[in-house]
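Summary of the model geometry
Now for the letters of each chain:
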Amino acid sequence: MEFYVVLITAPDEQSAREMAMRLVEEGLAKCVNIINNVTSIFSWEGKIETSPEVLMIAKTRRDKFQSLKERVIGLHSYSVAEVIALPIVEGSEAYLSWLRS
(Lines give C-alpha, C1' and ligand atoms only; values in the text may rest on other atoms or scores of the structure.)
Protein backbone atom coordinates (compact mmCIF):
# COMPACT_ATOMS: atom_id res chain seq x y z
CA MET A 1 0.00 0.00 0.00
CA GLU A 2 1.28 3.42 -0.93
CA PHE A 3 -0.68 5.48 1.62
CA TYR A 4 -1.47 5.27 5.33
CA VAL A 5 -4.04 6.65 7.71
CA VAL A 6 -2.23 7.15 11.02
CA LEU A 7 -4.08 7.25 14.35
CA ILE A 8 -2.46 9.35 17.08
CA THR A 9 -3.97 10.23 20.45
CA ALA A 10 -3.09 13.39 22.36
CA PRO A 11 -3.97 14.61 25.86
CA ASP A 12 -5.71 17.81 24.70
CA GLU A 13 -6.63 19.87 21.64
CA GLN A 14 -3.76 22.35 22.02
CA SER A 15 -1.06 19.67 21.93
CA ALA A 16 -2.87 17.90 19.07
CA ARG A 17 -2.98 21.15 17.06
CA GLU A 18 0.69 21.82 17.69
CA MET A 19 1.69 18.32 16.61
CA ALA A 20 -0.61 18.41 13.58
CA MET A 21 0.80 21.76 12.44
CA ARG A 22 4.37 20.47 12.75
CA LEU A 23 3.59 17.27 10.84
CA VAL A 24 1.95 19.14 7.96
CA GLU A 25 4.51 21.99 7.90
CA GLU A 26 7.37 19.48 7.81
CA GLY A 27 5.72 17.49 5.02
CA LEU A 28 5.34 14.33 7.11
CA ALA A 29 1.54 14.34 6.71
CA LYS A 30 -0.55 15.85 3.96
CA CYS A 31 -3.58 16.34 6.23
CA VAL A 32 -4.42 15.80 9.92
CA ASN A 33 -7.96 15.74 11.28
CA ILE A 34 -8.48 16.43 14.99
CA ILE A 35 -11.43 14.85 16.78
CA ASN A 36 -12.21 16.16 20.27
CA ASN A 37 -13.98 14.46 23.16
CA VAL A 38 -12.61 10.95 22.78
CA THR A 39 -12.74 8.80 25.91
CA SER A 40 -10.00 6.20 26.15
CA ILE A 41 -10.26 3.21 28.47
CA PHE A 42 -7.01 1.30 28.73
CA SER A 43 -4.82 -0.88 30.89
CA TRP A 44 -1.77 0.96 32.24
CA GLU A 45 0.68 -0.27 34.85
CA GLY A 46 -1.71 -2.94 36.12
CA LYS A 47 -4.76 -0.67 36.43
CA ILE A 48 -7.72 0.15 34.21
CA GLU A 49 -7.60 3.85 33.39
CA THR A 50 -10.12 6.21 31.79
CA SER A 51 -8.88 9.42 30.20
CA PRO A 52 -10.27 12.15 27.95
CA GLU A 53 -8.16 12.45 24.82
CA VAL A 54 -8.10 13.95 21.35
CA LEU A 55 -7.75 11.72 18.29
CA MET A 56 -5.61 12.80 15.38
CA ILE A 57 -6.09 11.15 11.99
CA ALA A 58 -3.14 11.82 9.72
CA LYS A 59 -2.93 10.92 6.05
CA THR A 60 0.54 10.26 4.68
CA ARG A 61 2.59 8.24 2.23
CA ARG A 62 4.15 4.96 3.34
CA ASP A 63 7.65 6.29 2.67
CA LYS A 64 7.07 9.12 5.18
CA PHE A 65 5.63 6.99 7.99
CA GLN A 66 8.87 6.19 9.82
CA SER A 67 9.83 9.89 9.98
CA LEU A 68 6.29 10.83 11.04
CA LYS A 69 6.32 8.21 13.81
CA GLU A 70 9.70 9.38 15.11
CA ARG A 71 8.57 13.02 15.02
CA VAL A 72 5.37 12.28 16.95
CA ILE A 73 7.31 10.33 19.58
CA GLY A 74 9.74 13.25 19.91
CA LEU A 75 6.97 15.85 20.24
CA HIS A 76 4.58 13.84 22.40
CA SER A 77 4.12 14.29 26.14
CA TYR A 78 3.21 10.62 26.67
CA SER A 79 5.95 8.11 27.52
CA VAL A 80 4.18 5.67 25.17
CA ALA A 81 2.62 7.54 22.26
CA GLU A 82 -0.06 5.88 20.15
CA VAL A 83 1.06 5.96 16.52
CA ILE A 84 -0.77 3.30 14.50
CA ALA A 85 -0.65 3.10 10.70
CA LEU A 86 -3.49 1.57 8.68
CA PRO A 87 -3.08 1.08 4.94
CA ILE A 88 -5.42 2.93 2.60
CA VAL A 89 -6.71 0.17 0.35
CA GLU A 90 -8.78 2.35 -1.98
CA GLY A 91 -9.90 5.95 -2.32
CA SER A 92 -10.98 8.57 -4.79
CA GLU A 93 -8.31 8.93 -7.47
CA ALA A 94 -8.31 12.72 -7.07
CA TYR A 95 -7.63 12.45 -3.31
CA LEU A 96 -4.95 9.78 -3.72
CA SER A 97 -3.29 11.89 -6.42
CA TRP A 98 -3.25 14.82 -3.99
CA LEU A 99 -1.67 12.59 -1.30
CA ARG A 100 0.91 11.46 -3.82
CA SER A 101 1.93 15.05 -4.66
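Our structure is the block above this text.
Conventions and cut-offs
- Residues numbered from 1 in each chain as written.
- Predicted model: local features only at pLDDT ≥ 70, side-chain atom pairs only at ≥ 80, totals over all residues.
- Heavy atoms only, no water.
- 1 Å grid on protein atoms, 1.4 Å probe; cavity = no way out; pocket = protein on both sides within 12 Å on 5 of 7 lines; lining within 4 Å.
- Points joined across faces, edges and corners; volume = space filled by probe spheres on them.
- Helix = DSSP H or I, 4+ residues; strand = E, 2+ residues; numbered from the N terminus.
- Axes fitted to C-alpha atoms, helices over the stretch in contact; angles between N-to-C directions.
- Left-handed = near helix turned anticlockwise from the far one by under 90°.
- Contact = heavy atoms within 4.5 Å.
- Nonpolar A, V, L, I, M, F, W, Y, C, P; charged D, E, K, R; others polar.
- Pairing = 2+ DSSP bridges.

**Brief notes about the layout of surface pockets**
Counted as a void, the largest pocket has a volume near 270 Å³. Lining the largest pocket we find Thr-9, Ser-40, Phe-42, Trp-44, Ser-51, Glu-53, Tyr-78, Ser-79, Val-80, Ala-81 and Glu-82. Of all elements in the fold, only β2 (31-44) and β3 (47-61) reach the threshold of two or more residues within the lining of the largest pocket. When residues in the lining of the largest pocket are grouped by element, the largest group, three residues, is from β2.

**Here's the deal with the packing of helix α1 (residues 13-25) against helix α2 (residues 65-75)**
Where α1 meets α2, the closest approach of the two axes is 11 Å, and the angle between their N-to-C directions is 145 degrees. Between α1 and α2 lies a crossing of right-handed hand. The residues of α2 that touch α1, namely those facing Met-19, Arg-22 and Leu-23, are Leu-68, Arg-71, Val-72 and Leu-75. Along the lines of polarity and charge, the residues of the contact of α1 with α2 split into five nonpolar, no polar and two charged.

**As for the sheet that holds strand β4 (residues 83-87)**
Pairing within the open sheet is antiparallel, and its four strands lie in the order β2-β3-β1-β4. Of all strands in the sheet, those with a lone pairing partner are β2 and β4, marking the two edges. On average, adjacent strands in this sheet sit at an angle of 30 degrees to one another, irrespective of strand direction. As paired elements, strand β1 (residues 3-10) and β3 share eight bridges and run antiparallel to each other. Bridge pairing in β3 places Leu-7 opposite Ile-57. Packed on one face of the sheet, α1 meets β1, β2 and β3 and runs near 130 degrees to β2.

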